[in-house]
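Observations on chain architecture
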Amino acid sequence: MRNRQTRRDFLASLGAMALAPRHMEPELILHNANILTVDVRNPRAQAVAIAGERILAVGSNSELQAAGAARTKKIDLGGKTVVPGFIDAHTHPAYAGMRHLRWVDCDLRSIALIQDAIRQRATNTPPGEWIVGFKYDDTKTSDGGRLRREDVDAAAPRHPVFIEHRGGHTAYVNSLALERAGVKEELADPPGGQFDRDPATHRLTGGLRERATEPFWKVIPFQLTRDERRQAVKLISKMMVQTGVTSVHDAEATPEDLLAYQDAHESGDSLFRVYCFIQYQFLDRMMAAGVRSGLGDEWVRVGGIKLVCDGSISERTARLSKPYVGRPDDFGILVHDEMEIYEQARRAHEAGWQVGTHANGDVAIDITLRSYERIQREMPRHDPRFRVEHCTVVSPQLIERIAKLGAIPTPFSTYVYYHGEKMREYGAERLGWMFAVRSFLDAGIRVTQASDYPPGPFEPMMALQSSVTRTDSKGNVWGPKQKVTVEEALRVGTLHGAYASFEESLKGSIEPGKLADLVVLGQDPMQVDPMTIIQIPVERTMVGGKWVFEG
Ligand SMILES: [Zn+2]
């Protein structure tokens, strides 16, 4: 706590100095701009002066004209809109980067096209070696239905094949993969998982839910070299900064991922800032090294410990109090029970870690909150900023408890727009309380913007449109009461993300003393038709005073 206080004091003094910076010359002034600062004291500006990695001053064109020195570079933005860099508060960048580097991208619109992609990879892969795909989505294929083992057998009969759903909680395998993982017809479902079976014949279909994927992960060789991991971060950071994302919270990293972020930063290949949550299973390793949340710097910082309570929204396995529409016996899956969540969270909390628990369904959120409430009673800590990762299906009672705890929800920001077709399985009534950004804000909760990429697209303009319109790509409206304004969505996507990592004094708004992370947009999202926000071009992205993307 002391360190944090010191840093805040330092920044405050830097901010005050910046207003009369006689000895601090700006290196760069962006002027003639429409700056949406997300700073309540100074919401609009025309110009921003930058020195090194930081913002020196923010004001009108004439005010900042005076601040410029002879060597100051000036860029006339011609009235373009500038917003703070976006913070994706729950995403899986290293994981996604490694997949983009090595696996078959199955984000394709028919089973036939997916078969072609597998067939293609099979021609370049020695028979018997694994072929792994990702980003398959059962609701996005025109020829319908889920991938079946026969479909995959037909494409690659001599290779074990594992195709991951874009949500990451389910997978689809072929016959050889079942054989390699030792999954036989008579094998019972594991706890917290399910092997899909044909309702008529009871034969395995190749579909795997939640922990039923574990036997496969044990036999799929997915060893990347340290250099490949660095390259994976390079690749994904380039993809993300192009869309205006300047900071990410890796929601579930391994120590190797943390190393990859450090390596990529050191080699100059990583373009974004990372707050890195660590999987619970590695808590002992981290504790043994004396590490806890907050260690690092503004580029790569150790985040919280990540726990998992239930299933997924996009794959419809989240644990709900009322069943899925059309499946009266299906309430979803609880991956870890209340005792496990409580004990894991308590251990991490006691060791000084921030805790984030994946909880999508209302049952899982209730369990998670009860665990946090109990921990705070038993060992109270000032400002623990407990996080409820996703926190999708809520109720007025759950929201009240979240507000009381000061906890932070990180709901999916692009799901209404992108995953509209899956929303029917939740139903219109429940959608009124899903991704409940309006209700969170009204309760004073600092809800964040999050993609969960790969499961959800990470483009911040899609997130803004989705939150503001609550309308999917086909025009269906889901939970209109949860609409927020562009201004609110912008704050959620920037300053609230900074708060969720204890970095609100460092970034998240365009104000003196903060890091110079910002985005130049082709149009003002407050001025365009909200249904067209997604088309706003991201023209430039700056991180730490340097352009990392110029379109
Ligand atoms: Zn996630």
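Residues numbered from 1 in each chain as written. Predicted model: local features only at pLDDT ≥ 70, side-chain atom pairs only at ≥ 80, totals over all residues. Heavy atoms only, no water.

**Describing the sheet that holds strand β8 (residues 86-91)**
Within a sheet, adjacent strands bond to each other through the backbone by hydrogen bonds, running parallel or antiparallel. The seven strands lie next to each other as β8-β15-β16-β17-β18-β19-β20, forming an open sheet whose pairing is parallel. Edge strands, defined here as strands with exactly one partner in the open sheet, are β8 and β20 (408-410). For this sheet, the mean angle separating the axes of adjacent strands, direction not counted, is 25°. As defined by bridge partners, strand β16 (residues 273-279) adjoins strand β17 (residues 300-308) across five bridges and the pair is classed as parallel. Bridge assignment links Tyr 275 to a residue of β17, and that residue is Arg 301. (Pairing = 2+ DSSP bridges. Helix = DSSP H or I, 4+ residues; strand = E, 2+ residues; numbered from the N terminus. Axes fitted to C-alpha atoms, helices over the stretch in contact; angles between N-to-C directions.)

**Some details on the nonpolar core**
Membership of the largest hydrophobic core comes to 100 residues, with the highest contact counts inside it found for Phe 162, Phe 216, Phe 272, Trp 353 and Phe 440. Looking at this core, the element that brings in the most residues is helix α12 (residues 362-378), giving six residues. Beyond its immediate sequence surroundings of up to four residues, Phe 162 is in contact with Trp 130, Ile 131, Val 132, Gly 133, Ala 171, Tyr 172, Val 173, Leu 208, Thr 213, Phe 216, Trp 217 and Ile 220. Counting residues in each nonpolar core, the second largest holds 17 residues, with Leu 30, Ile 35, Ile 75 and Met 542 among its members. (Core = buried A, V, L, I, M, F, W, Y, C linked by side-chain atoms within 4.5 Å. Buried < 20%, exposed > 50% of the residue type's maximum accessible area, 1.4 Å probe, protein only. Contact = heavy atoms within 4.5 Å.)

**Side note on helix α11 (residues 338-350)**
The terminal C-alpha atoms of α11, which comprises 13 residues, lie 18 Å apart, in line with the 18 Å expected from a rise of 1.5 Å per residue. Among the residues of α11, those classed as buried are Ile 341, Tyr 342, Gln 344, Ala 345, Ala 348 and His 349. The elements touched by buried residues of α11 are α10 (283-288), β17, β18 (355-359) and α12. Where α11 starts, the residue carrying a side-chain oxygen 3.2 Å from the main-chain nitrogen of Met 339 turns out to be Asp 337. Gly 352, located one to two residues past α11, shows a positive phi value of around 90°. (Expected span 1.5 Å × (residues − 1). Polar contact = N/O pair within 3.5 Å; in protein donor to acceptor, adjacent residues only side chain to side chain.)

**Structural notes on the coordination of the zinc ion**
Around the zinc ion, the protein supplies His 90 (NE2), His 92 (NE2) and Asp 452 (OD) as donor atoms, at distances of 2.0 to 2.1 Å. Counting along the primary sequence, the residues that act as donors to the zinc ion give the motif H-x1-H-x359-D. In this pair, His 92 sits in the loop between β8 and α3 (93-102) while Asp 452 sits in the loop between α16 (437-442) and α17 (460-469), placing the two residues 360 residues apart along the sequence. Each member of the pair His 92 and Asp 452 is classed as buried. (Donors = N, O, S within 2.8 Å, 3.2 Å for Na, K, Ca; no water.)

**Some words on the packing of aromatic side chains**
Evaluation of the coordinates by the stated rule reveals 12 aromatic pairs. With centroids separated by 5.8 Å and ring planes inclined at 85°, the aromatic side chains of Tyr 275 and Phe 277 adopt a geometry described as edge-to-face. Here the aromatic cluster, defined as three or more aromatic residues joined through ring pairs, consists of Trp 103, Phe 134, Phe 162, Phe 216 and Trp 217. Above the face of the Tyr 95 ring, Arg 99 is positioned so that its terminal group lies 3.4 Å from the ring centre. One residue, Arg 540, lies across the ring of Trp 547, its end atom 4.8 Å from the ring centre. (Phe/Tyr/Trp six-rings, centres within 6.5 Å; stacked < 30°, edge-to-face > 60°. Lys NZ or Arg CZ within 6 Å of the ring centre and 35° of its normal.)

**Examining the sheet that holds strand β12 (residues 170-173)**
Pairing within the open sheet is mixed, and its six strands lie in the order β9-β10-β11-β12-β14-β13. A single partner strand is all that each edge strand has here, and the edge strands are β9 (104-105) and β13 (193-197). Against the sheet, α3 contacts β9, β10 (131-136) and β11 (161-165), and its axis sits at roughly 125° relative to β10. Strands β9, β10 and β11 of the sheet are contacted by helix α4 (residues 111-123), whose axis makes an angle of about 150° with β10.

Interpretation note: all reported values are geometric properties and have no functional meaning in isolation.
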